[in-house]
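# Results of the structural survey
Residue strings, one per chain:
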Amino acid sequence: MGPHPAVAAIRLAVRRVLHDVLTEHSTPEHGARAHRPAGDAPAAGEPRRPPLVLVACSGGADSMALASALAFEARKLAVRAGAVTVDHGLQPGSDLRAAEVAARLTALNLDPVEAIAVTVGREGGPEAAARDARYAALDEAAERLGAAAVLLGHTRDDQAETVLLGLARGSGIRSLSGMAAVSGTRDRYRRPFLQLDRQTARKACLVQSLPVWDDPMNADPAYTRSRLRHEGLPALEKSLGKGVVEALARTAQLCRDDADALDAWAADADPSVRDDAGLLECAKLYALPPAVRRRVLRRAAIAEGSPAGSLFARHIEEMDRLITGWRGQGAINLPGRVVARRQGGRLVIRQG
């Protein structure tokens, strides 16, 4: 008799990602040299070590299911499997809980296993600050350990929530495209479960007798995502019927395809709307479709030092009005102390 259907589903999802990692590892441009820590180069004639794949595990059902699937599949493939759990320090006893999660991961025969404590700031609100601290810790661990990939346990439900949060902010299609299956520096982050629902992961833990920890913050109505998870999405399903989560996840993929195409169009159009000095020409920008023009403006602002995460739609709209609604208005202040102004038919974007 084979494994329970939920266990089979999570293992298959992880197996596919590991095969991708192995394929990339075997090619020169994606090989171990791009991920190996300094001073860890193999000697001449020494065989290349199998790639290291880490799982980011909080101890919750999604990430524990992911850790168990990675441990199982790695034994059958030329992959080393390890894990990282991050202690955000936001709750009493969080250090003990992180140590407990690390012990569970070690019991799954993952190696190396690290528990990393971080300091969560305040910028962007508690949820964003915790996320930033977590990814910084994961990036540091991946670089130091030479990991080829870090697996994240985001599910289809998480994707649906992300789409709705983007919609509530009035964001463009890039925000509505949700989380990418592959993202980060050198395609570091992989999300195998974006096509699986949260209940499948929880069921896989149950049938494997894997202990899980339910973070009380995930049920705290003080947090926007928690309210959406426990109130917003259930209300939508009650009004619109089942299938809302699947539809939102499908919308995310469609939006991602469109956003990728528009980004590529903007990258191709960028050189054609600049003069010999590299300045943006307003008349040529005006002739572009609005969606492409705004992407060119965003690219230009980021290139001059405006942080992508702080550059919002309202900033781009104000820049766009310098092109489409020019009435002699003054300069536009952008995040990162970048200033955009119209001068002599050119859009000049510079550090202030």
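Everything numeric here is computed off the predicted structure, so don't read it as measured data. In this convention, every chain numbers its residues from 1, walking through the sequence in written order. Whole-chain, interface and lining totals are the exception, using all residues; otherwise, since this is a predicted model, local features are given only for residues with pLDDT of at least 70 and side-chain atom pairs are given and counted only at 80 or more. Side-chain calculation: all heavy atoms of the structure are included, whereas hydrogens and water are not.

Pairs of cysteine sulfur atoms within 2.5 Å are identified as disulfides in what follows. In total, this model carries zero disulfides according to the counting rule given. In this structure C205 is a free cysteine whose sulfur lies 8.7 Å from that of C57, the closest cysteine sulfur available.

Glancing now at the packing of aromatic side chains. Aromatic pairs are defined between Phe, Tyr and Trp rings, using the six-membered ring for Trp, whenever the two ring centres lie within 6.5 Å; interplanar angles under 30 degrees are classed as stacked, those over 60 as edge-to-face, and all others as tilted. Within the structure shown, the criterion is met by one aromatic pair. When the centroid spacing of 5.2 Å and the interplanar angle of 90° are considered together, the rings of Y135 and Y189 count as edge-to-face. Linking Y135 in helix α4 (residues 126–145) with Y189 in strand β6 (residues 189–190), this pair joins segments that are 54 residues apart in sequence. Only protein chains enter the accessibility calculation, which uses a 1.4 Å probe; a residue is then buried when its area is under 20% of its type maximum, exposed when over 50%, and partly exposed in between. Look at Y135 and you get buried, because its relative accessible area is 19%. Helix and strand labels come from DSSP, where a helix needs a run of H or I of at least four residues and a strand needs a run of E of at least two; each type is numbered from the N terminus.

Remark: nonpolar core denotes a set of buried residues (Ala, Val, Leu, Ile, Met, Phe, Trp, Tyr, Cys) joined through side-chain atoms within 4.5 Å. One finds V14, V53, L70, L105, L108, L110 and F193 to be the most contacted residues of the largest nonpolar core, which totals 36 residues. Of all the elements in the fold, those that place two or more residues in this core are α1 (5–25), β1 (52–56), α2 (61–74), β2 (80–87), α3 (94–107), β4 (147–151) and α7 (198–207). Here this core gets nine residues from one element, more than from any other, and that element is α2. Any two residues having at least one pair of non-hydrogen atoms within 4.5 Å are treated as being in contact. Apart from the residues within four sequence positions on either side, V53 is in contact with L18, V21, L70, V79, R80, A81, G82, A149 and L151. V296, L297, L311 and V338 belong to the second largest nonpolar core, which has 24 residues in total.

This part is about the layout of surface pockets. Here the second largest pocket defines a volume of roughly 470 Å³. Points on a 1 Å grid, built from protein atoms alone, make a cavity when a 1.4 Å probe fits but cannot get out and make a pocket when they are open with protein on both sides within 12 Å along at least 5 of 7 lines; residues with an atom within 4 Å of a point are the lining residues. Around the second largest pocket sit 26 residues that line it, and A181, R191, P192, L194 and Q195 are the ones nearest its centre. Elements with a minimum of two residues in the lining of the second largest pocket: α1, α5 (156–168) and α9 (244–269). Top contributing element to the lining of the second largest pocket by residue count: α9, with eight residues. Grid points are joined across faces, edges and corners, and a volume is the space filled by probe spheres set on the points.

A separate point is the pairing of strand β9 (residues 338–343). One ladder, built from three bridges, connects strand β8 (residues 332–334) with β9; its direction is antiparallel. Bridge pairing in β9 links I332 to A340. Pairing between strands is defined by DSSP: at least two bridges between them are needed. Here β8 folds back onto β9, and the loop between the two strands holds three residues, one of which, G336, carries a positive phi near 80°. Bridge count between β9 and strand β10 (residues 346–351): six bridges; the pairing is antiparallel. Across the sheet, the residue bridging to V339 is R350, located in β10. Hairpin remark: β9 followed by β10, antiparallel, with two residues in the connecting loop; positive phi at G344, about 55°.

The next thing to look at is the environment of A65. Take A65: it is sitting in helix α2. Residues A65 and L206, spaced 141 residues apart in sequence, show a C-alpha to C-alpha distance of 9.4 Å. Residues in contact with A65, not counting those within four places in the same chain, are I10, F193, A201, A204 and C205.

Spatial strand order, β3-β2-β1-β4-β6-β5: six strands in an open sheet with mixed pairing. On the outer flanks of this sheet lie β3 (113–117) and β5 (182–183), each paired with one strand and no other. Of the pairings in the sheet, the one linking β4 to β6 comprises two bridges and is parallel in character. Its bridge partner being in β6, V150 is matched across the sheet by Y189. Working convention: axes come from line fits to C-alpha atoms, limited for helices to the stretch in contact. Angles between N-to-C directions cover 0 to 180 degrees. In this fold α3 packs onto β2 and β3, with an angle of close to 170° to the strand it touches most, β2.

On to the packing of α2 against α7. Orientation of α2 relative to α7, taken along the N-to-C sense of each, is 60°, at an axis distance of 8 Å. Relative to α7, the element α2 lies oblique. Where α2 crosses over α7, the two elements pack in a sense that is left-handed. The segment α2 lies against α7, with A61, D62, M64 and A65 engaging R198, A201, R202, A204 and C205. Three classes are used: nonpolar for Ala, Val, Leu, Ile, Met, Phe, Trp, Tyr, Cys and Pro, charged for Asp, Glu, Lys and Arg, and polar for all others, with Gly counted as polar. Classifying every residue of the contact of α2 with α7 gives six nonpolar, no polar and three charged. Angles are sorted into four bins: roughly parallel if under 35 degrees, roughly antiparallel if over 145, roughly perpendicular if 65 to 115, and oblique for all others. Two helices crossing with the near one rotated counterclockwise from the far one by less than a right angle form a left-handed crossing, whereas a clockwise rotation gives a right-handed crossing.

This brings us to α5. In this analysis, the expected span of each helix is defined as 1.5 Å times one less than the number of residues it contains. Look at α5: 19 Å from first C-alpha to last across 13 residues, which is about the 18 Å you get at 1.5 Å a residue. The buried count for α5 comes to eleven of 13 residues, which makes it a mostly enclosed element. By the burial criterion, the buried members of α5 are R156, D157, D158, Q159, A160, E161, T162, V163, L164, L165 and G166. Packed against the buried residues of α5 are α2, α6 (173–176), α7, α8 (224–240) and α9. G170 lies just past α5 and shows a positive phi near 70°.

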